[in-house]
Amino acid sequence: MRDTDNMEAEMEYDDGEEPSFSDPEDFVDESDQELLGDVLRDKPQEADGIDSVVWEAPEKQPFKDFGNLRHWLEDPDCRDQYSVIYDSGERTGIFANDVKEPIEVEERARWTETYVRWSPKGTYLATFHQRGIALWGGEKFKQIQRFSHQGVQLIDFSPCERYVVTFSPLMDTKDDPQAIIIWDVLTGQKKRGFHCESSAHWPIFKWSPDGKFFARMTQDTLSIYETPSMGLLDKKSLRINGIKDFSWSPGDNIIAFWVPEDKDIPARVTLMQLPSRNEIRVRNLFNVVDCKLHWQKNGDYLCVKVDRTPKGTQGVVTNFEIFRMREKQVPVDVVEMKESIIAFAWEPNGSKFAVLHGESPRINVSFYHVKNNGKIDLIKMFDKQQANSIFWSPQGQFLVLAGLRSMNGALAFVDTSDCTMMNIAEHYMASDVEWDPTGRYVVTSVSWWSHKVDNAFWLWTFQGRLLQKTNKERFCQLLWRPRPPSLLTQEQIKLIKKDLKKYSKIFEQKDRLSQSKASKELVDKRRSMMEDYRKYRERTIDMYNEQKPLRLELRGGVDTDELDSNVDDWEEETIEFFINEEIIPIGDL
């Protein structure tokens, strides 16, 4: 029946006048508003985006050639550099490390107003000034960039060295956040400002290892930003109730964070993959007092130091929860210690870790090895150590146990391959220990900032043999210049280590030449002086001979050049001197 009605209507249209589909003049079509209302409300207006439009093309800036910013890596003897602040901060010097004595590279008065910092790969030296930060580099340490931030006190570089973060407590305002500023190192432009809020720890922003993300923690919130836009990842922060601390993996874009217990809900440690925000591992923990996150340098392992108060017991028990990051489902092993923990440190390029535990005077150091089968073995324990700090060599295997400040600078040099004490020494009142990037040398120092007398820095071999004592008036700070990652692959490095005996002969020959360098330099210096004298003597003899006709003319033809010339004109005189003689008795001997 319905089909018949439609046919009749069509027939009426065919026979009669076609209907008009035009809208009346006062008709308003709101169909789009009904269907796409939320989209149309956000549609761009003519006035939108003016702030992002360039009306005038920017002028082409001249290229600034700062030279080779990594020239120090081309040193034929592979000398590392370090910065030294002394004279109570009035003078700053850059030195090349040498076994005999430091070699001055650059030295300036009032180069910085407080202290200095090297960038993560050693490309730049940052100096602090009331008006901001300056970056220096290249062969002659020319000024490369300036960042204007009044009252700046702290800085932090991104791992890729592309960005630098500055902090000043003087600049913050409600409308214009200026307390924390992120700058582009290459252009010197301000990328974004942030309020300090209530964060008490520096750095406030923590960077992913590739520099593509950075994050900060506020109350119940973890905010992750991406570069180069400096905007929030996915335009929103993560709501994490009770979050206490977080840390990036040094090897991957993974964040670890922990949340304390809340009533019946256990504390937990979470590993989150970025930028997907996938939780790859969650570990529940009970009776937790505090947690500390310790990543191994390559991100192969994460140690969560968990202080617990088990029910029915008194005192605090510490668990080391070891996450094996390179294995499927990230398995976790546990080491329990019932003594108080003084210090913990991973071996940088290995699978060992060291723990200082106990109470003075019975402080012990324990060395553990994380094995592939999931077992964690106690390798060795030394008791009665005078130490409160652990300093691993950047290359692993070797470390220094140091009793800094209150422990009067006791030092122990340890080889963890067989856990032997290579040497026991002391640098009285030492305040700092700094390994060089290669792990061949280590510096201990007494800073004027912490102790007003005996200010100096001492250079040791990794085995604990003292090489130098360098006294600098009111010495303040020594920092080794970092090296960028090696361009060699792991396979190439392994091959070099395998053929080390072949290279060691070359190194031994260079060492012997270095030992005889002083006498060689003295011989070369004497030869050079003798050659200069010979040339000078030849020049004066030629001049003397050229002037002979003039001498004869001035002396009436008499040749006075020879000692025995004109003997007939000589006269002989005899001169006598009278001497008084006096005898003084000195008694019986």
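Above: the structure in question.
Everything in this summary refers to the structure shown in the same document. Everything numeric here is computed off the predicted structure, so don't read it as measured data.

Looking only at helices and strands, the protein features 6 helices and 37 strands. Taken over 589 residues, the protein has a buried fraction of 39%. Sequence separation of 24 or more characterises 39% of the internal contacts of the protein that already satisfy a separation of 6 or more. With an accessible surface of roughly 37900 Å², the protein has 49% of that area assigned to carbon and sulfur atoms.

Another aspect to go through is the pairing of strand β9 (residues 163–167). Counting buried residues in β9 gives 5 out of 5 residues, a clear majority hidden from the surface. Neither face of β9 is open: one carries Tyr163, Val165 and Phe167, the other Val164 and Thr166, and all of them are buried. Relative to β9, strand β8 (residues 154–157) is paired through 4 bridges, and the arrangement is antiparallel. Residue Ile155 lies in a different strand from β9, and its bridge partner there is Thr166. Connecting β8 to the antiparallel partner β9 that follows it, the hairpin turn spans 5 residues, and Glu161 within it adopts a positive phi of roughly 70°.

Throughout the structure, instances matching the rule amount to 24 salt bridges. Note that Glu321 is salt-bridged to Arg283, the shortest N-O span being 2.9 Å. Residue Glu321 is found in strand β23 (residues 317–324), and its partner Arg283 is found in strand β20 (residues 278–285); the two are separated by 38 residues along the sequence. Accessibility expressed as a relative area gives 4% for Glu321, which makes it buried. For Arg534, the salt bridge is made with Glu538, and the minimal N-O distance between the two is 2.7 Å. Here Arg534 pairs with Glu538, and both are found in helix α5 (residues 517–546), just 4 residues apart, close to one helical turn. When its relative accessible area of 42% is taken as the criterion, Glu538 is described as partly exposed. Through salt bridges with shared partners, a single network forms among Asp75, Asp77, Arg79 and Asp98.

Right, let's talk about the packing of aromatic side chains for a bit. This model, assessed by the stated rule, comprises 30 aromatic pairs. An angle of 50° between the planes, with centres 6.3 Å apart, marks the rings of Phe320 and Phe353 as tilted. Residue Phe320 is found in strand β23, and its partner Phe353 is found in strand β26 (residues 352–359); the two are separated by 33 residues along the sequence. With respect to burial, Phe320 and Phe353 carry one shared label: buried. Clustering of aromatic rings is evident, with ring pairs tying together Tyr163, Phe194, Phe205, Trp207, Phe214 and Tyr225. We note Arg481 situated over the ring of Trp72; from NZ or CZ to the ring centre the distance is 3.7 Å.

Our focus in this paragraph is the pairing of strand β32 (residues 420–426). As paired elements, strand β31 (residues 410–415) and β32 share 6 bridges and run antiparallel to each other. In the sheet register, Phe413 faces β32, and the bridge partner there is Asn423. Between the antiparallel neighbours β31 and β32 lie 4 residues, among them Cys419 with a positive phi of about 55°.

Once that is clear, we can look at the sheet that holds β31. Here we have 4 strands laid out as an open sheet, ordered β29-β30-β31-β32, and antiparallel in their pairing. A single partner strand is all that each edge strand has here, and the edge strands are β29 (389–392) and β32. Taken pair by pair, the neighbouring strands of this sheet meet at an average axis angle of 20°, ignoring direction. Inspection of the sheet shows strand β30 (residues 398–403) paired to β31 by 6 bridges, in the antiparallel sense. Note on β31: the bridge partner recorded for Leu399 is Val414.

With glycine set apart, most residues show a phi of negative sign, and most peptide bonds adopt trans. Cis geometry marks the peptide bond from Trp202 to Pro203, where omega comes out at 5°. Structurally, Pro203 is set in the loop between β11 (190–194) and β12 (206–207). Along the chain, Thr227 connects to Pro228 via a cis peptide bond; the corresponding omega equals 5°. At Glu161, a residue that is not glycine, the phi angle is positive and equals roughly 70°. Along the chain, Glu161 falls in the loop between β8 and β9. Look at Glu161 and you get buried, because its relative accessible area is 7%. Here the phi dihedral of Arg277 falls at roughly 65°; this positive angle occurs in a residue that is not glycine. Mapping Arg277 onto the fold places it in the loop between β19 (267–273) and β20.

Moving on, we come to a negative patch on the surface. Judged by side-chain charge, Asp172, Asp175, Asp176 and Glu197 come together as a negatively charged surface patch. Counting through the fold element by element, Asp172 comes out in the loop between β9 and β10 (180–184). Judged by its relative accessible area of 32%, Asp172 falls in the partly exposed class.

Turning our eyes to something else, we now look at the side chain of Lys352. Tracing the backbone through its elements, the reader meets Lys352 in strand β26. Under the relative-accessibility criterion, Lys352 is labelled buried at 15%. Filtering out sequence-adjacent residues up to four positions away, Lys352 remains in contact with Trp346, Glu347, Tyr368, His369, Ile379, Trp392 and Thr416.

So, how was this worked out
- Every chain's residues receive numbers from 1 upward, in the order its sequence appears when written.
- For a predicted model such as this one, the threshold for reporting local features is a pLDDT of at least 70, and the threshold for listing and counting side-chain atom pairs is 80 or more; totals across whole chains, interfaces and linings nevertheless cover every residue.
- Just so you know, side-chain values use all the structure's heavy atoms and leave hydrogens and water out.
- Secondary structure follows DSSP: runs of H or I at least 4 residues long count as helices, runs of E at least 2 residues long count as strands, and numbering of each begins at the N terminus.
- Burial classes: relative accessible area under 20% of the type maximum marks a residue as buried, over 50% as exposed, and values in between as partly exposed (1.4 Å probe, protein chains only).
- Pairs of residues are marked as contacts when any of their non-hydrogen atoms sit within 4.5 Å.
- Residue exposure ignores everything except the shown protein chains as possible cover, and the areas themselves are Shrake-Rupley values with a 1.4 Å probe.
- A pair of strands counts as paired when DSSP detects no fewer than two bridges linking them.
- A pairing counts as a salt bridge when a side-chain nitrogen of Lys or Arg comes within 4 Å of a carboxyl oxygen of Asp or Glu.
- Ring geometry is summarised as follows: Phe, Tyr and Trp rings, the Trp one being its six-membered ring, pair when their centres sit within 6.5 Å, and such pairs are stacked at plane angles under 30 degrees, edge-to-face over 60 and tilted between the two.
- Comment: the charge-over-ring label is applied if NZ (Lys) or CZ (Arg) is within 6 Å of the ring centre and within 35 degrees of the ring normal.
- Note on definitions: angles span 0 to 180 degrees between N-to-C directions of axes, and those axes are lines fitted to C-alpha atoms, for helices only across the stretch in contact.
- Patch construction takes residues with relative accessible area above 30% that form no salt bridge. Like charges are linked within 9 Å, and nonpolar side chains (Val, Leu, Ile, Met, Phe, Trp, Tyr) are linked within 5 Å.
- The charge count treats Lys and Arg as positive and Asp and Glu as negative. His and the chain ends do not count.
- Think of each charge as sitting on NZ of Lys, CZ of Arg, CG of Asp or CD of Glu.

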